[in-house]
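Spelled out, the chains give:
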2 protein chains.
Amino acid sequence: MTLRLAIVGYGNLGKSLEKEIEKRQDMALTAIYSRRNLDHEKYRPLKDIAGECQFDVALLALGSYSDITEYAPLFTHLNTVDSFDTHAKIAEYKSSLNATKKDSLAIISTGWDPGLLSLARGVFSVGGAECVTLWGEGVSQGHSNAIRQIRGVIDAVQFTCPKPNAEESVLNGERHSGKLHDRICYVACVSSDNERIAQEIVNMPNYFKDYDTKVIFTSPQEVRELKMRTAHRGQVISVGDGFSTKTDVKLDCNTDYTAKIMLDFAAAIPRLIADGYRGAMDVYDIPLRYLADSKLI
Amino acid sequence: MTLRLAIVGYGNLGKSLEKEIEKRQDMALTAIYSRRNLDHEKYRPLKDIAGECQFDVALLALGSYSDITEYAPLFTHLNTVDSFDTHAKIAEYKSSLNATKKDSLAIISTGWDPGLLSLARGVFSVGGAECVTLWGEGVSQGHSNAIRQIRGVIDAVQFTCPKPNAEESVLNGERHSGKLHDRICYVACVSSDNERIAQEIVNMPNYFKDYDTKVIFTSPQEVRELKMRTAHRGQVISVGDGFSTKTDVKLDCNTDYTAKIMLDFAAAIPRLIADGYRGAMDVYDIPLRYLADSKLI
């Protein structure tokens, strides 16, 4: 049976979702919902979504920082998959969303991190290990988007980079992510209000406050060029009593990989619904047999 | 609350379980069941186990090849955790065990592989990747034990070794485990029946048949010495469209790490039981929140 999908939001992630759905025999794109008026044959105004039912799962490709938490609770009757990526707020978001989902299912915070690397951290904490994650070098969409919400910012892109000695630091006991990474922000802004914008960035809680953050003001054109660098990397290192593990994920395009992962979670929804699951689920709530072939055991 | 545990079987894995339970504040060892008469204050004859209820979970530390599938279905009323490791027979074992577990829970095939690496394969197949596992260099307890079941074998130990070019072969498309590994068997036997024993080993289905297997006959003393090499390693490599992942697990002692993992699965049993789970579950059936702190998401 073909899974009918809607995309909500048509930025980088929305476009990757559209492209990845094209590649799948078992899926069809029925509509793209946006607040903006899109020149696209599948465009529908976002305000109409609540009354519509021509799709099985809505893929939320909105920005995490405000849009997902604002819109997702309105989609009471829709099954959704999102990639909400503010680690510190996932539990709160899940709890508030869960209250709105009596007869539908929301799978939250999928993607490669949070998502697959969350699962890797969980798996390799078993046996009493401590887990540390190194991200990058690569663009963080969530962090870039958070900067773009600041008044006066035209465009921005944020590169997360493990510090040169990060892996050694982990093995020597360093556990704080802020001591293992640098955050480099390239920002184009309208005015000469650079100092206020830089301060808003470096002091933004959850995103930048506990990190060594460098803000570089540049032209919109250079930001655009830097955004073309879509490759990313994530490493989960766990250290236990008599064992250690390292998981290394390398990807060519952040949003393409996120889209592929979101589609596999969306494919699980009909089976989860059939088995009685409702409400908001995160990746730790879903038995892996809904996502992976049990032959891999 | 203290989780009360029984160990069933007192070979290498049973002894590792005893040692690891000692280290845990939240667990207590109530009995060690064995077919052999053990000189141990906690020894109880295995035949008495079905009538006993002084423990919450029985940890099955029997050999996979015949003992687990023979004994586990007899433990109708006991919650059990095992590390059954014949990959090709896990589904069949689960299905037959499930039928015997109406009011108890069996978690099967835990350990690092099958177990944690099964989970890694499942997680990193998401997004459409193909997964390949490289084992070693290290002793396979399951394969060593399988050799020891052959008539005329006094003792044996089997080292699994990735072929020197294994990782490159995977990236070039090789998927068959037998083309990526060598199996080196050190065997001490009673008689001059070497040729028959070598043939039985290399032709053993599931274990050796599809591998380059080398059988080296040696003294029981050399086998004993080789068994002291307890380190092992497992790598899961996945290759997808625009991404690749590598998970690398290194451990000092196979049975100690397996024991730690079994204990974490045992710790999940009271919560699984409270939530209504019964029957036989494999690692793909258990939501990760029963095993890992959701802060790791």
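Please read these numbers as outputs of a predicted model, since none were measured by experiment.

Enquirer: In this structure, what is going on with the overall build of chain A? I would like to understand it.
Expert: Looking only at helices and strands, chain A has 9 helices and 14 strands in total. Relative to the compact-globule value of 19 Å for 297 residues, chain A shows a C-alpha radius of gyration of 20 Å, a close match. C-alpha atoms of chain A, sized along the principal axes, occupy 55 × 50 × 35 Å. A fraction of 68% describes how many contacts in chain A between residues 6 or more apart in sequence connect residues 24 or more apart. For chain A, the accessible area works out to roughly 12,600 Å², and carbon and sulfur atoms hold 47% of it.

Enquirer: Teacher, can you tell me more about the interface of chain A and chain B here?
Expert: By convention, interface size is frequently given as the accessible area that disappears when the constituent parts associate. With 47 residues of chain A in contact, the opposing surface of chain B contributes 47 residues. For the pairing of chain A and chain B, the buried interface totals around 4,000 Å² over both sides, and the portion due to carbon and sulfur atoms is 64%. Contact with chain B buries surface across chain A, with A:Val126, A:Tyr284 and A:Ile297 losing the most and accounting together for 21% of the total. At the surface where chain A touches chain B, the tally comes to 6 salt bridges. A:Arg289 serves as the salt-bridge partner of B:Asp285, at 2.8 Å between the closest nitrogen and oxygen. Elements supplying a minimum of two residues to the side of chain A that touches chain B: α4 (116–125), β13 (243–251) and α9 (254–274) of chain A. Here the side of chain A that touches chain B takes 10 residues from α4(A), the largest share from any one element.

Enquirer: Is there a simple way to think about the sheet that holds strand β6 (residues 105–107) of chain B in this case?
Expert: The pairing of strands in a sheet comes from backbone hydrogen bonds and takes either a parallel or an antiparallel form. Residues and elements named next belong to chain B. If you walk across this open sheet you meet the 7 strands as β3-β2-β1-β4-β5-β6-β14, and the pairing is parallel. Of all the strands in the sheet, just β3 (43–45) and β14 (279–281) have a single pairing partner and so form its edges. Adjacent strand axes in the sheet meet at a mean angle of 25°, parallel and antiparallel pairs treated alike. Pairing of strand β5 (residues 80–82) with β6, which is carried by 2 bridges, proceeds in the parallel orientation. The residue bridging Thr 80 from the neighbouring strand is Ala 106, located in β6. Packed onto the sheet, helix α3 (residues 90–98) meets β5, β6 and β14 and runs at close to 160° relative to β14.

Enquirer: Before we go on, may I ask you to explain helix α1 (residues 12–22) of chain A in this structure?
Expert: An α-helical turn contains 3.6 residues, so any two residues separated by three or four positions project in the same direction. Residues of α1(A) that are buried include every one of A:Leu13, A:Gly14, A:Ser16, A:Leu17, A:Glu18, A:Glu20 and A:Ile21, and no others. Each element contacted by the buried residues of α1(A) is listed here: β1 (3–8), β2 (27–34), β4 (57–60) and α9 of chain A.

Enquirer: I keep staring at unusual backbone geometry and nothing clicks. Help me out?
Expert: A negative phi holds for most residues other than glycine; trans holds for most peptide bonds. With omega at 0°, the peptide bond leading from A:Asp113 into A:Pro114 counts as cis. Relative to the assigned elements, A:Pro114 resides in the loop between β6 (105–107) and α4. With an omega dihedral of 5°, the bond running from B:Gly136 to B:Glu137 counts as a cis peptide bond. Looking at the secondary structure, you find B:Glu137 in the loop between β7 (130–135) and β8 (138–139). Here A:Ser109, not a glycine, exhibits a phi torsion of approximately 55°, which is positive. Relative to the helices and strands, A:Ser109 resides in the loop between β6 and α4.

Enquirer: For this particular structure, what's the right way to read the state of the cysteines?
Expert: Here is the idea: a disulfide is a covalent bond, and it sits between the sulfur atoms of two cysteines. In this structure the tally under the stated criterion is 0 disulfides over all chains. Take B:Cys131: it sits in no disulfide, and the sulfur closest to it among the cysteines is that of A:Cys131, at 19 Å. For B:Cys131, a relative accessible area of 17% gives the class buried. Left without a disulfide partner, B:Cys253 is nearest to the cysteine sulfur of B:Cys161, which lies 18 Å away.

Each value, and the rule that gives it
Residues numbered from 1 in each chain as written. Chains lettered and ligands numbered in written order. Predicted model: local features only at pLDDT ≥ 70, side-chain atom pairs only at ≥ 80, totals over all residues. Heavy atoms only, no water. Helix = DSSP H or I, 4+ residues; strand = E, 2+ residues; numbered from the N terminus. Rg over C-alpha atoms; globule rule 2.2 N^0.38 Å. Contact = heavy atoms within 4.5 Å. Areas by Shrake-Rupley, 256 points an atom, 1.4 Å probe, with all protein chains shown as cover. Buried area = accessible area lost by both parts, 1.4 Å probe. Salt bridge = Lys/Arg side-chain N within 4 Å of Asp/Glu carboxyl O. Pairing = 2+ DSSP bridges. Axes fitted to C-alpha atoms, helices over the stretch in contact; angles between N-to-C directions. Buried < 20%, exposed > 50% of the residue type's maximum accessible area, 1.4 Å probe, protein only. Disulfide = S-S within 2.5 Å.

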